[in-house]
Structure formats: structure tokens, C-alpha cells
There are 2 protein chains.
Amino acid sequence: MALQRVFISDLSGRVGQTVLIRGWIFRLRVLARTTFLIIKDCTGQIQCVAAPEALRDMRPKLDDAVEVQGVVCEDERAKGGVEIQVTTAAILNRAAQTLPFNSSSDIRSVGNEILLEYRPLALRNDGVGAVFRIQAAILRHFREWLTARHFTEIVSSKIVSGGTEGGTNLFEIRYFDRAAYLAQSPQFYKEHGVAGFERVFETGHVYRAEPHATSRHLTEYYSLDLEMGFIDGPEDVIELERELLTYIFERLNSDHWPILRRYRQDKLPALSGAPIWTFDECVARLGRADLINDLDPEAERQLCRIAEEECGVAAAFVLGFPLASRPFYTHPLTEARAAGFDLLFDGLEITTGGQRLHRREDLERALMSRGIDPASFESHLKMFELGMPPHGGLAIGLERLTAQILRLSNIREAALYPRDRYRVTP
Amino acid sequence: MALQRVFISDLSGRVGQTVLIRGWIFRLRVLARTTFLIIKDCTGQIQCVAAPEALRDMRPKLDDAVEVQGVVCEDERAKGGVEIQVTTAAILNRAAQTLPFNSSSDIRSVGNEILLEYRPLALRNDGVGAVFRIQAAILRHFREWLTARHFTEIVSSKIVSGGTEGGTNLFEIRYFDRAAYLAQSPQFYKEHGVAGFERVFETGHVYRAEPHATSRHLTEYYSLDLEMGFIDGPEDVIELERELLTYIFERLNSDHWPILRRYRQDKLPALSGAPIWTFDECVARLGRADLINDLDPEAERQLCRIAEEECGVAAAFVLGFPLASRPFYTHPLTEARAAGFDLLFDGLEITTGGQRLHRREDLERALMSRGIDPASFESHLKMFELGMPPHGGLAIGLERLTAQILRLSNIREAALYPRDRYRVTP
């Protein structure tokens, strides 16, 4: 009977057995009498030791996909305590003769464009692979923490008939014989979700047709959205986010420190210590009379530095932006200030959130004050007649959060296939 | 100090305490000297008992969002063993005076269009809410089972420069000064993921600009995708799906049987017992010489009936469709038959999967045999020079799976906001 393939992580319990493993040649050292192959699969790496005749005609090279049969032997010097004495080996699929880099290369000198052009090979590299393993872990911990706190996951449509913020920056789709648009946020749908389930979250793409070409913007990004009902004010949402991110960061610190430490010297901080500052207080602290409606990148960086000095964590919640600068559905905090907040982390805004208006008449007034006819939002406004509770929520940009955690300088490094003003491939 | 809101599921440990709860009025019975309110929040329901003066001026009605203060009392007749003796109550937001149905209505007589038009209220109803709670559970169990088996979650772009299957049925996007398209599948990206991580999955939307208006088609649906490397053949993918769905079904049976039994009399079957039949064998069993390239809905229903009789489970894997009827990247099983399969479950195809070609030269040949110039797929073909292992995978339609599990007659009932030929709202 043919041998079943075994994962590399399961080899240590099989000393003395003949096994079949499959994976890529991650490292290769050819000596006169012995060839050493490090084989890598999705569970780990193992050293394989072969006499020349075991590899006859095989001509192995880095990044070939191979299978190896051999005997598992104890070896104290090896990771996991075992290595494989190769009996036979075969190529499953060859890598090209020349590659711009290998999966075991030091890719710090390889440009981002090349890494993107050869995405699979980059993912196989521990450096780039780590970024997306961390991203997958963030997603997992985000969902599991919220699920344990009575949030229900929803899946809402990304094809919509209009925008949530008045119809700007939308990508238009040819939808049979009419026009439709790509959703710029699941905002309305998650509010509907609140009126149904009280607490909902969604992880999914959102789209912004903004002609930015900065290191912080993508036209398609992945949004971690949550919305919760029966709140007293925006502080309830802030407190939830503090606990949520503190949990995610603790899990990353404990489960992924070997990855994190390649990117940052310090462990991720407990965001439970991040202060809440009002927008006006921020402007005063910075002495920046020119900041009228919003913060700018320099202000975000400075505020995080101040937070680090004063509170020991380079993060701050900024609450109470000018009401006119926030979307129409924002609940007021005072007459001119919004019950909306941003979370700045390590110098960059990674979250926008706040309390929303929950009464139809307030939403109508807010629309009219912005010169928008409430009739154009009728199908949404109608949902506020169904017992919509006071509510609020937030959205975290997954790529930005990943980039800040790993201190990447460009958000594109945190997107498997980034989309911007100029790029729709690969 | 003001009372903190308490979740209803936490009340049983607070007998004798004064508490504040928030939620919706789910049921209401007004007697001369006492009013009974059943309040519902995201964690459960509780009976609240009020003297008329406690509700003075409140005029409560069904589906109002309210808060109630009162004392938790033991009551053997009540669910959870406790009820609340109301001290004060207040309206947080009123529902409309007249609604087409209430969250406590028997909604079997309410049409799907009305349920969709009043989505939040429908979600608050146990019947519709159950559909999306089950859907959230499917997503959770899909991800957690795969994560435990060394699959890494990826997030791939839905904005693409072309199709995976030759460019038909794509929705076109106006992307700044050029055209782009909505992805009809993450197929290429998950194959790239295999070459990087060996095992990947993705849960996300896919788009098909097909002018269908059947009970089984949506233009935007949610696809549960996985792809795995180093396989021996399509049977490896089939075996993985058997185990995966058997796990998901077991979890639904054990954790959600009170929901399931409203929709189906029997527990969900173990799909480990689903047979594998070749396409040719299916045609012969059905005596249907007219089935040349694919099965039709009647054939899918009949095959599931036969499987139920012979194997005790109304599901079957159909392997070996005519090669010409499957996408160009399909690996052959024999010269004219594809190493691709469908999973039929309870009369409907819910999965398409199979082994893919993994050698560049085979892909080029397959493209040319279909009259497609390989140069138009160059950026994808190049990925096959990076040590791409033999691989395969599958895609499960989330709405179809949900509909089959709950025996819903129309896939739209399993989409929070369905999109079809005629609908882009709400």
C-alpha cells in the first residue's frame, strides 16, 4: 500500500518509521557525500539528509515542490529533535530556473513591486508570510471575541443603489440595464442589524473611489465593522474597543511573539490604557489653530507621542470632532460637537466610530441641514420606525491595523492584492 | 449612581437585586391590575410584571425599544426561573403605530417581499432571525475547522482586470479612467495562496452577471472557498469536504437543534456517508441520455433520492463531468473526463470543486484547446513557475447551504440583502 503523506509537525512521534512528506525545498546544501534539504510544508520545516544516489536524476533546487520518503531519526541538533534519512525523493513541480528571490531569501532588499508580482513566492517567505498570518489571526480573534459577547455575524450586500454618506466617491457598476455602486461602508446594514439582533459585526470589503496615492489609502480595503444597540453614549463603544483590541493584542503577543519581534522590539500594548481626549483638547495641546474640522497626519503622530509619554501607550481616542465634519447619521455630543471618535494608534487613525442618531426625525433634520432631501434616504429612514434603539459602533481598517502592529511603512504591504488609483492587478 | 444595564441571560444570578434591563417589547398582556411584558434582548427573554402606576404615561406597545428597572424575583413558572417586578420603565424609541407584522408574529403568512422590506423587524422575529444565526454558525464552524487543520485565511481582491473563466458574466466597474470587473471567484488568488501557504481559505462575496431569475441564483453570493496543495487527486478534496461538512452539521445539531427542528424534522446527516458517483454512472442510473455536459435540477433531485435510499444520506458527490464543460484550469481524470466534482445535497448542488492543473504547460495547452491565447493569462500563468504543487479545492455557496439546511424554498430567504437581476435594494 502506498504511504500516506504526513505533515512535518507530526514527525516527532514517528521515530523509526518510514514516512512520506511533501513540501518545498526551503534550503539546500550539497556536499560531496551528502545533500541536506530543508523541506517546508504548511506545518513546519524538517531537515532531510540524503546520499547522492537517493537524489539521482532529481537535480533539486530551491523552491521546487517535492516529495520525500525516508526514515524518521532522532537528532538532538535538529528543530523538533528529528530529521529524515532520505530513501527516495521526487519532484512534484519544478520552480523556474531563475527566480527574482527565493522563499528563504532575505527579502528586505527586494522591492515591494517584485514581492507583489511574485506573490506566492513572497507568501512562502517567512517575512511576507508573517504579515498575512498575523492578519488571519486578527480576523479570528476579532470574530471570536465579539461572538462570545453576543454579537452575531452578518453578511451584507456590497452592491448598493447609493452611498451612505451622500453619494460621493462611489465606484459605479454596470448592473444589467441600470447603474449600481460598490458599498463604501456596511453602515446602514449594520444599523439594520442592530434593530434586529442588537449586536452585529461584519468583516468585509468596502470601496472608496478616492484618487489618493498615499501610503495610507487603498480604494478597496477590508473593514472590521461592529454595531451595538442600547448604549448610553459613545464611551460605551470606546470601552468595548479598548477591551477588544486589548484582547487581540494579548493573543498576538502570546501566540505570535516570534513573528512580532521581527517587526517590533516591544510587545503590543494594552489599549485599555489609551486615553480619551476631546478634539478641542487635542487642538489646544498641539497649539494648532489651523486644525478646524479634522486632524492631519502630523497631528495624529504627535498625539500618539503625547499619549505614550503621559499614559504609557502610543494610542488615543479623539472624541467630539466638529459635527459638520462627520456623516449625517452622527449623534451630537454637544450642539456643535459629534459623539464620534477616531482611534489613533502608533501615529495613524485606525478606527472611526461613534454613536448614531436613532430617531427618524433627528435623521431627517440632519439630512435637511446638509441640504439633502430626506426622501432620497426613505428606504433607510423607514428602518428607524421599527424600534431602533440608541446605538453606536465602529469600523477598523484591517490593512491599517496590520500595518501598525507590524510597523510597516506602506499599507500595501498589508494587502495581499492591493488596489489603488493605478492598480487592479495582479 | 445610575444602574448599569444587565443582559437578560445574567439575571438568574441576581435574585433580590434591583436591575436595569434594555430590549424590545416582544409580548404584551394588559390586565386590569397588572401588565405583563416580555422583554427581549440579544441574550434572551424575560417576563416583567408591572402595576399600572409603574407604566404611567408610557403606553407601551409591541416592538418599542424600552428600558425597565425592577427587582429580580424567583418564579418557578418562568423560563430561567426568574421574572422582574417592575419599578419604573421608559421608552427609548417607539416603533411605528402600525407595522406589517411584529417581531412576535407568526411570519409564515408574511410574504418574502415584506420580510425583506422590513428586514430589522424580520431579524428580530425568531423565525427569520434563526436563518441568519444558523448562517453565522456555519461561517464560524467552517473557519474554525479549517484553521485547526493548518489552513490560513486570506483576503483577496474583488476588483479584478478580467474573469477566471474567460471573461463572461462579469459586472463591469468604472474604475477611474479604465474598466475593471467584479471577481466571479477567488479561484486564481486562492491558487496563489496554495503556492505560498499550501492550505488557504477565504469567505467572501463573488459576482455573476447572469440574468437568471430562479429560486437558486443570486448575482452576488457569499462563497466559502478553500484550496489545498500536495493532493493525490480530487478524492482528497472530497474527503476533506465530507469531514468538514460532517463537523459543521454535528455542531449545528448539537448547538442549534431548537432552531433546526422548526425547519426540519430530522437531524442533519453525517456527510461522511455520501457516495462518490461518476457523471457517467449518474447518467446511466437516471437513464437520461439527454444529459450530455451537466446535470439539471431534476437529475440533482433524483440522485439525492437514490443516495438516500442506498446510503441513508440525501447527498452525493458527482465526479468526472465532461472535461469540456468545466473551467480551463480543471485537471483531467481521464482523457475526456474532469477531475472536478459537484456535491449535491438534499436535491441541490451546493459545492463545485476538483483538482486543478498545476503545470504551466498544461494550462497553456488547455487555454489553446479552448481557443484562448495564453498570453491573455500571462500574469496568472507566471505563478505556476514558482513551485506550484498539485492542488485542488472547492467553493460552497453559503446561501445555498443555509437554504438546504433549513429547507427554505428560495435562496433569497438565506440572504440578508439578496441581489438578483432586478434588485439592488434595500
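Small disclaimer: the values here were computed from a predicted structure and weren't measured.

Residue and element names in this part refer to chain A. With omega at -10°, the peptide bond leading from Thr425 into Pro426 counts as cis. In this fold, Pro426 is placed in the segment after helix H10 (398-405). Positive phi values are uncommon outside glycine, yet Arg59 reaches one of about 45°. Given a relative accessible area of 60%, Arg59 falls into the exposed group.

Now for the relation of the copies chain B and chain A. Overlaying chain B with chain A gives an RMSD of 0.0 Å, the required rotation being 180° about an axis along which the chain moves by 0.0 Å. In short, the pair behaves as if placed about a two-fold rotation axis. When each C-alpha of chain B is compared by its distance to the rotation axis, Ile173(B) comes out closest, at 2.2 Å. Comparing interface residues between copies, 100% of those in chain B also sit at the interface in chain A, which points to an isologous, same-surface contact.

Moving on, we get to the interface of chain B and chain A. The partner chain A presents 97 residues to the 97 residues of chain B that form the contact. Interface of chain B and chain A: buried area, both sides summed, is about 8,200 Å²; carbon and sulfur atoms make up 60% of it. Salt-bridge contacts for Arg174(A) lead to Glu172(B); the nearest nitrogen and oxygen are separated by 3.7 Å. Inspection of the region where chain B meets chain A yields 48 residue pairs in polar contact (both at pLDDT 80 or more). No other element matches helix H3 (residues 126-148) of chain B, which puts eight residues into the side of chain B that touches chain A. Its residues placed into classes, the side of chain B that touches chain A shows 47 nonpolar, 21 polar and 29 charged. Examined bridge by bridge, strand E8 (residues 172-175) of chain A and strand E8 (residues 172-175) of chain B share three bridges and lie antiparallel to one another. Within E8(B), the position partnered with Ile173(A) by the bridge is Ile173(B).

Looking now at the pattern of salt bridges. Residues and elements named next belong to chain A. Evaluated as defined, the whole model comprises 78 salt bridges over all chains. Across the pair Arg337 and Asp280 runs a salt bridge whose closest N-O atoms are separated by 2.8 Å. Here Arg337, found in the loop between strand E13 (315-319) and strand E14 (340-345), pairs with Asp280, found in helix H6 (residues 279-286); they are 57 residues apart in sequence, far enough to count as distant. Owing to a relative accessible area of 38%, Asp280 belongs among the partly exposed residues under this scheme. One salt bridge in this structure joins Glu281 and Arg285, with 3.7 Å as the shortest N-O distance. Here Arg285 and Glu281 lie together in helix H6, a separation of four residues that amounts to about one turn. Connected through salt bridges with shared partners, the residues Lys190, Asp225, Glu227 and Arg356 form a single ionic network.

Each assigned domain of chain A is listed here: domain 1 (8-93) and domain 2 (126-414). Look at where the C-alpha atoms of domain 1 of chain A and domain 2 of chain A centre, and you get two points 47 Å apart.

Looking now at H6(A). Residues and elements named next belong to chain A. Among the residues making up H6, those that are buried are Phe279, Cys282, Val283 and Leu286. Buried residues of H6, seen end-on, are gathered within an arc of 100° and therefore sit on one face of the element. Residues of H6 that are buried make contact with strand E12 (276-278), helix H7 (297-311) and E13. Immediately downstream of H6, the backbone of Gly287 shows phi near 60°, a positive value.

Sheets are built from strands that pair by backbone hydrogen bonding, the pairs being arranged parallel or antiparallel. Residue and element names in this part refer to chain A. If you trace the eight strands from one edge of the open sheet to the other, you get E6-E10-E11-E16-E15-E14-E13-E12, paired in mixed fashion. One side of each edge strand has no neighbouring strand; the edge strands of this open sheet are strand E6 (152-153) and E12. Bridging between strand E15 (residues 348-356) and strand E16 (residues 391-397) involves six bridges; their strand directions are antiparallel. Each bridged residue has a counterpart across the sheet, and for Gln355 the counterpart in E16 is Gly392. Here H6 sits on the sheet in contact with E12 and E13, set at roughly 80° to E12.

Within the secondary structure, Glu220(B) is located in strand E11 (residues 220-229). Notably, Glu220(B) is buried but unbridged: the nearest opposite-charge side chain belongs to Arg419(B), and the N-O separation is 4.7 Å. Within the local environment of Glu220(B), its side chain forms a polar contact with the side chain of Ser157(A), the two groups lying 2.5 Å apart. Only 3.0 Å separates the side chain of Glu220(B) from the side chain of Tyr207(B), close enough to count as a polar contact. In contact with Glu220(B), not counting residues within four places along its chain, are Ser157(A), Lys158(A), Ile159(A), His205(B), Val206(B), Tyr207(B), Glu399(B) and Arg419(B).

Rules behind the numbers
Residues numbered from 1 in each chain as written. Chains lettered and ligands numbered in written order. Predicted model: local features only at pLDDT ≥ 70, side-chain atom pairs only at ≥ 80, totals over all residues. Heavy atoms only, no water. Helix = DSSP H or I, 4+ residues; strand = E, 2+ residues; numbered from the N terminus. Buried < 20%, exposed > 50% of the residue type's maximum accessible area, 1.4 Å probe, protein only. Least-squares fit on C-alpha atoms with pLDDT ≥ 70 in both. Contact = heavy atoms within 4.5 Å. Buried area = accessible area lost by both parts, 1.4 Å probe. Salt bridge = Lys/Arg side-chain N within 4 Å of Asp/Glu carboxyl O. Polar contact = N/O pair within 3.5 Å; in protein donor to acceptor, adjacent residues only side chain to side chain. Nonpolar A, V, L, I, M, F, W, Y, C, P; charged D, E, K, R; others polar. Pairing = 2+ DSSP bridges. Domains from an automatic or database assignment. Arc of directions from axis to C-beta. Axes fitted to C-alpha atoms, helices over the stretch in contact; angles between N-to-C directions. Lys, Arg positive; Asp, Glu negative; His and termini not counted.

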